[in-house]
Structure formats: structure tokens, C-alpha cells
Amino acid sequence: MFAAGFSWFRLIPAIDRDTIMEQMGLMQHWLEGHEVAHSYVYAHAWLACFIVLGLAMVARMSLSKATQRQGLEKYFASESLDARTAAEVYATGIQGMMKDLLDRKDIQTFFPYIAGLFAYILFCNLQGLFPGFLPPTDNINTNVGMALGSFLVFNYIGLSRDAVSYVKHLMGPVLFLAWFMLPVEVISLMIRPISLTIRLTANMFGDHQVFVLLSEQLPYGVPTGLLALATMVSVIQAFVFSLLTVIYINLSLPHHDHGDEAHAH
Amino acid sequence: MKKWTPVLAVMAALLLMSGEALAQDGGGSNVGAGITMGLAVLGGALGQGMAAKGMYEAVSRNPQAAGALNAPFYVGLAFIESLCLFALVVAFSI
């Protein structure tokens, strides 16, 4: 779904390139009869990237400065809410999300990807709340990229750790059902990035459309109460995307069968 | 049979009226999208109601569990709602 609208970035002609090209008749529509994604979506995505990277750099510099203090003061937490404290709370929260599903070494392996994914989706979604900005996640292109990234991550982990048991897991429990189970399991594997994409896109797109339609009907400024629901939906959808990625990684890792648990304890 | 009478009556009404409804020549109106989204939201609302029912029963049995159950409750609601939104995608494509 390709939603369009006004955005502050469209006032810059270099970013509003696609609209200008359409008006000049130079646009090649490769999807006949459909709108194409416009170029100003990428400006919003870059803004979210810069916010995440800026906060991360400020937090990291503050942490480096704090660890250079002498003696016992090195371990003190800062008393006010600055970027370092927020990053520590955030990292603890993400690790709490991953703790039930992955073991300690895997948490350290996947933490950069999951934490970056959550922060990026969060700041992308939250841009839709401010007047004049569009969330880049209401466009399907942004979400396909992220979902393909998650798809590649969990397939690569499954195939690199233990490729034989990964494929054998897809064939089901009993051997003579493998001719039936393998296509079904492969289809359900393929549907995972599709469902991740469509869930996030449709949530953001539908949210924005509901707000637009209500604003047309009700007097000016009345639907502002919907922004609370929109905030909740933004945070929850970012959480659901990253939690599902962690669950898919957990499902791809070689886990022990039921027979081994009898030997463990 | 008596329990199913309202459901059968609604189904019969839908079957008899649907041909005429879809043959309407309303300029710009889209009955297919409306029916798609309406049916999807029917199932989705029932599902979310069952999730909320489970949550209330659990909290009423064990009020201290409310803090721990808060986050999984909203995550479950988001999963159920995403199924309705798959139908929204179809409704917008029609």
C-alpha cells in the first residue's frame, strides 16, 4: 500500500523529486494503475536513522566519559535521565525480552540486530504522530526490507548452526509424512516475512487513514485523542516485530528433542 | 435447532439479498470491500473479547499477576488485530 500525503520534507524540491517528475510527465509507472512509492519516504527513514544513531552516539560518549572516572565513582549510575540512562534501561528491556527464548551467548550475538530493529521501527512509527510527518513504515517498501532482513537472519542461523537438523525439522516427526510436511512447512516459512510486513504496514496505514477520515468528519482538533491510541499501536507494533524475529530465531536454532531431556537432569 | 435459528435467519437473508446488493450500480461505492472488512472485524472482535475475558478472569483470581500479565495481554491483542488488518489490505486492493 502506498499512502501519500503532505510532509515537511516535500517542501524541499530535491526530496519531492517523484511528484515533480510526475507533473512533468517523466514518470515511468511500472505498476499500471497504481501509485508508486514516492521518494520522500526515504527522507523520513533517514531521519529515523539519524535519531537512533545520534542517541546511540551520545549515550556511548557519555558512558565512555563515565568509565574514566576514578575509583568507585566509575560504577555510579547517573542520577538524571540522560541518554546513557535511557540506553541502559532500553538495553535491559530488550535483554529481558530475549531472555526466555535465547541463551546468553545468543543474546550477545543478536542483541545489536534486535535492539536496532526495535529502535528504528519505534522512531519510524512515532514520526506519524507529529503533524506534517509521515511514518515511513506505512509504505510497504520499508517493511519488506526489514522483514527480508529478519528472514535472512533466522535462515542463516538455522543453516549455519546445523543444516541437516534444520531441514529434518521441516520434514516433520514421522518419515512417511515428509512428502506432505515439507511443502507445508516451507510455505509457513515463506509466510513469516510476508506476515511481518503486512502486519506492520497495515497497522500504520490503517491508523493514519482512520485519523485522516475522522478529521474530515469531526471539527478541527477533536480527533487528537486518537493520538494516544496511535502511540500505543506504534510501540506495540515495534515490540511485536522484534519479538517475532526473536521467536523465529529461537525456532531455527537446533533445540534438543524430548529424548535428551531425560539425560540432562 | 432453536439455538441456531438467528444464525440461520441471518445467513438466509445474506444469501437472498447478496445478489441484488452486488448488482447495484452505485457509482464509487464498493460493497465487496465493506463486506470483507466487516466479516474480518466480526471474528477479530470476538477473538479480542475472549482474550480480554481471559485477562480479567486471571487478574480477578490473582490481583498481583496484573503487572506481569499486562504486556502479554497487549501483545496478544496485537496479534489478533493483525489478522483483521490482513483483510484491510484485501479491502483496499479491491
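Since we're looking at a predicted model, the values are computed, not measured.

S.K.: Explain the overall build of chain B to me, please; I cannot follow it from the model alone.
M.R.: Along its length, chain B carries three helices and zero strands. Along chain B, helices (α) and strands (β) appear in the sequence α-α-α when read from the amino end. Per-residue burial for chain B yields a buried fraction of 6% across its 94 residues. Contacts in chain B between residues far apart in sequence, at least 24 positions, make up 74% of those at least 6 positions apart.

S.K.: Would you mind showing me how to read the overall build of chain A here?
M.R.: Of regular secondary structure, chain A possesses eight helices and zero strands. In chain A, the order of α-helices and β-strands from amino to carboxyl end is α-α-α-α-α-α-α-α. Principal-axis analysis of the C-alpha atoms gives chain A an extent of 70 × 65 × 35 Å. Counting all 265 residues of chain A, 26% fall into the buried class.

S.K.: What is the right way to look at the nonpolar core in this model?
M.R.: Note on soluble globular proteins: their nonpolar side chains tend to be buried together. By size, the foremost hydrophobic cluster in this structure holds 42 residues, and its most contacted members are Ile114(A), Leu117(A), Phe118(A), Tyr120(A), Ile121(A), Phe241(A) and Ile249(A). Among the elements of the structure, α2 (40-67), α3 (83-99), α4 (104-126), α5 (140-170), α6 (178-217) and α7 (226-252) of chain A together with α3 (66-93) of chain B are those that each provide at least two residues to this core. In contact with Ile114(A), not counting residues within four places along its chain, are Ile94(A), Met98(A), Ser242(A), Thr245(A) and Val246(A).

S.K.: For this particular structure, what's the right way to read the packing of α6(A) against α7(A)?
M.R.: How two helices pack is summed up by the angle between their axes together with the distance between the axes. Residues and elements named next belong to chain A. Closest axis-to-axis distance for the α6/α7 pair is 11 Å, and the angle between their directions is 180 degrees. The orientation of α6 relative to α7 falls into the category roughly antiparallel. Only Leu226, Ala230, Val233, Gln237, Phe241, Leu244 and Tyr248 of α7 make contact with α6, whose side of the interface consists of Arg192, Leu196, Leu200, Asn203, Asp207, Phe211 and Leu214. Split into classes, the residues belonging to the contact of α6 with α7 amount to ten nonpolar, two polar and two charged.

S.K.: How should I be thinking about the interface of chain B and chain A in this particular structure?
M.R.: A common way to state how big an interface is: give the accessible area lost once the parts meet. Of the residues lining the interface, nine residues belong to chain B; the matching set on chain A comes to eleven residues. Tallied by class, the residues present in the side of chain B that touches chain A amount to eight nonpolar, one polar and no charged.

S.K.: What am I meant to see in the confidence of the model for chain B here?
M.R.: In low-pLDDT regions, the fine details of the predicted coordinates are not to be read closely. Residues and elements named next belong to chain B. Scored by pLDDT, chain B comes out at a mean of 85, with 88% of its residues at no less than 70. Element-level mean pLDDT values for chain B span from 77 in helix α1 (residues 5-22) up to 93 in helix α2 (residues 31-61). Scoring the predicted complex yields pTM 0.83 and, for the interface, ipTM 0.70.

S.K.: Looking at this model, I keep getting lost on the environment of Phe86(B). Mind explaining?
M.R.: By the secondary structure assignment, Phe86(B) is in helix α3. With 46 residues separating them along the chain, Phe86(B) and Ala40(B) place their C-alpha atoms 8.7 Å apart. For Phe86(B), the contacting residues outside a window of four places in its chain are Ile198(A) and Ala202(A).

S.K.: Where do I start with the environment of Gly32(B) in this structure?
M.R.: By the secondary structure assignment, Gly32(B) is in helix α2. For the pair formed by Gly32(B) and Ile94(B), sequence separation is 62 residues and the distance between their alpha carbons is 7.3 Å.

S.K.: Help me understand the environment of Ser60(B), please; the structure alone is not making it clear to me.
M.R.: All names here are of chain B. Here Ser60 shows up in helix α2. Ser60 gets classed as exposed once you count the C-beta atoms within 10 Å, which come to 9. In this structure, the C-alpha to C-alpha distance between Ser60 and Leu39, residues 21 residues apart in sequence, is 32 Å.

S.K.: Hey, could you run me through the packing of α7(A) against α3(B) in this one?
M.R.: Packing of α7(A) against α3(B) brings their axes to within 10 Å, and their N-to-C directions diverge by 85 degrees. For the element pair α7(A) / α3(B), the angle class is roughly perpendicular. Facing α7(A), whose interface residues are Ile236(A), Gln237(A), Phe239(A), Val240(A) and Leu243(A), α3(B) presents Tyr74(B), Val75(B) and Ala78(B).

S.K.: What should I look at first to understand the confidence of the model for chain A in this one?
M.R.: Residue and element names in this part refer to chain A. Averaged over all residues, the pLDDT of chain A equals 85, while 91% of them reach at least 70. In the model of chain A, helix α8 (residues 258-264) stands out as the element of lowest mean pLDDT, 46, in contrast to α4, which has the highest, 94. Taken as a whole, residues 259-265 scores under 50 in pLDDT and shows one contact with residues more than four places along the chain or in a different chain.

Rules used in this analysis
Residues numbered from 1 in each chain as written. Chains lettered and ligands numbered in written order. Predicted model: local features only at pLDDT ≥ 70, side-chain atom pairs only at ≥ 80, totals over all residues. Helix = DSSP H or I, 4+ residues; strand = E, 2+ residues; numbered from the N terminus. Buried ≥ 20, exposed ≤ 12 C-beta atoms within 10 Å, placed from the backbone. Contact = placed C-beta atoms within 7 Å. Core = buried A, V, L, I, M, F, W, Y, C linked by C-beta atoms within 7 Å. Axes fitted to C-alpha atoms, helices over the stretch in contact; angles between N-to-C directions. Parallel < 35°, antiparallel > 145°, perpendicular 65-115°, else oblique. Nonpolar A, V, L, I, M, F, W, Y, C, P; charged D, E, K, R; others polar. pLDDT = per-residue confidence, 0-100.

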